[in-house]
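Summary of structural features
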Amino acid sequence: RDLHKEYRRQRQMCIRDRFQVDQDRIDQFADATLDHQFIHVDSEKATPLFGSTIAHGFLSLSLIPHLTAQAVLAPENLKHVFNYGLDKVRFTNATPVGAKISGRISLMECIVKGSRAKYKLKLVIELHVVVLLLEVLLILMLHLSLVIILLIISIPLIITVLNHFIAHYVLRVM
């Protein structure tokens, strides 16, 4: 009973440890599920779409027991834990390789029947994506280079247009 009171008091718990999703884990999951779609296993093809390969949605989902074990309070004399099921699952963001995930668990409902308890939890998985400063600088340099090239290409055109304008409109008015 004390456990249930503690759950009700806290209402929301944070998962402090972040779990990194690396390419080796994604490849192992692809092998286990026979899902070798290129967005998961082929960096060259996936990068134009997502910036890197991405984890399977069900890989992220399968990490829930590991993530929740850190935050869920459980009595010491606990004999069994069963996954009763899922009510609503949505994959709203891709999980890029190298991302770290954590989350927040909220107690939505607690039903106690004798020595048993059924908890309805809401889990929100949070992504912590590390963007390397070097990559950002390279992208900015690329954009700056394109702007400079466009300006260099445009200058003769701008001069031609201005000369045409001066020759036809300004000189006629004088």
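Throughout this description, residue numbers start from 1 for each chain and increase along the sequence as written. Two thresholds apply to this predicted model, a pLDDT of at least 70 for residue-level local features and 80 or more for giving and counting side-chain atom pairs, whereas whole-chain, interface and lining totals are computed over all residues. Computation of side-chain values: all heavy atoms of the structure, hydrogens and water removed.

1. Describing the nonpolar core
Selection rule: Only buried residues count toward a nonpolar core. Its members are Ala, Val, Leu, Ile, Met, Phe, Trp, Tyr and Cys residues joined through side-chain atoms within 4.5 Å. Exposure categories follow from relative accessible area, calculated using a 1.4 Å probe and restricted to protein chains: below 20% of the type maximum is buried, above 50% is exposed, and the middle band is partly exposed. Residue contacts follow a heavy-atom distance rule, with two residues in contact if any of their heavy atoms lie within 4.5 Å.
The biggest cluster of nonpolar side chains holds nine residues, and these are Phe19, Val21, Ile26, Phe29, Ala55, Leu59, Leu63, Leu67 and Ile101. Residues within four places of alanine 55 in sequence aside, it is in contact with Val21, Ile26, His40 and Thr95.

2. Topic: helix α4 (residues 43–50)
Put simply, the rule is: Identification of polar contacts relies on pairs of N or O atoms within 3.5 Å, with a donor-acceptor requirement for protein atoms, meaning one able to donate a hydrogen and the other able to accept it, and with residues adjacent in sequence counted only if both atoms are side-chain atoms. The helix count covers DSSP runs of H or I at least four residues long, the strand count covers runs of E at least two residues long, and both are numbered beginning at the N terminus.
Capping the start of α4, aspartate 42 holds a side-chain oxygen 3.1 Å from the backbone nitrogen of glutamate 44, two or three residues further along. Of the residues one or two after α4, glycine 51 is the one with positive phi, at around 90 degrees.

3. So, helix α2 (residues 23–33)
Worth spelling out the cut-off: Think of the arc as the fan of directions from the helix axis to the C-beta atoms.
Turning to α2, its buried residues number three or more, namely Ile26, Phe29 and Ala30. Mapping the buried residues of α2 onto a view down its axis gives an arc of 105 degrees, with all of them on the same face. Here the buried face of α2 lies against α3 (38–41) and α5 (57–62).

Distances and angles like these do not, on their own, reveal function.
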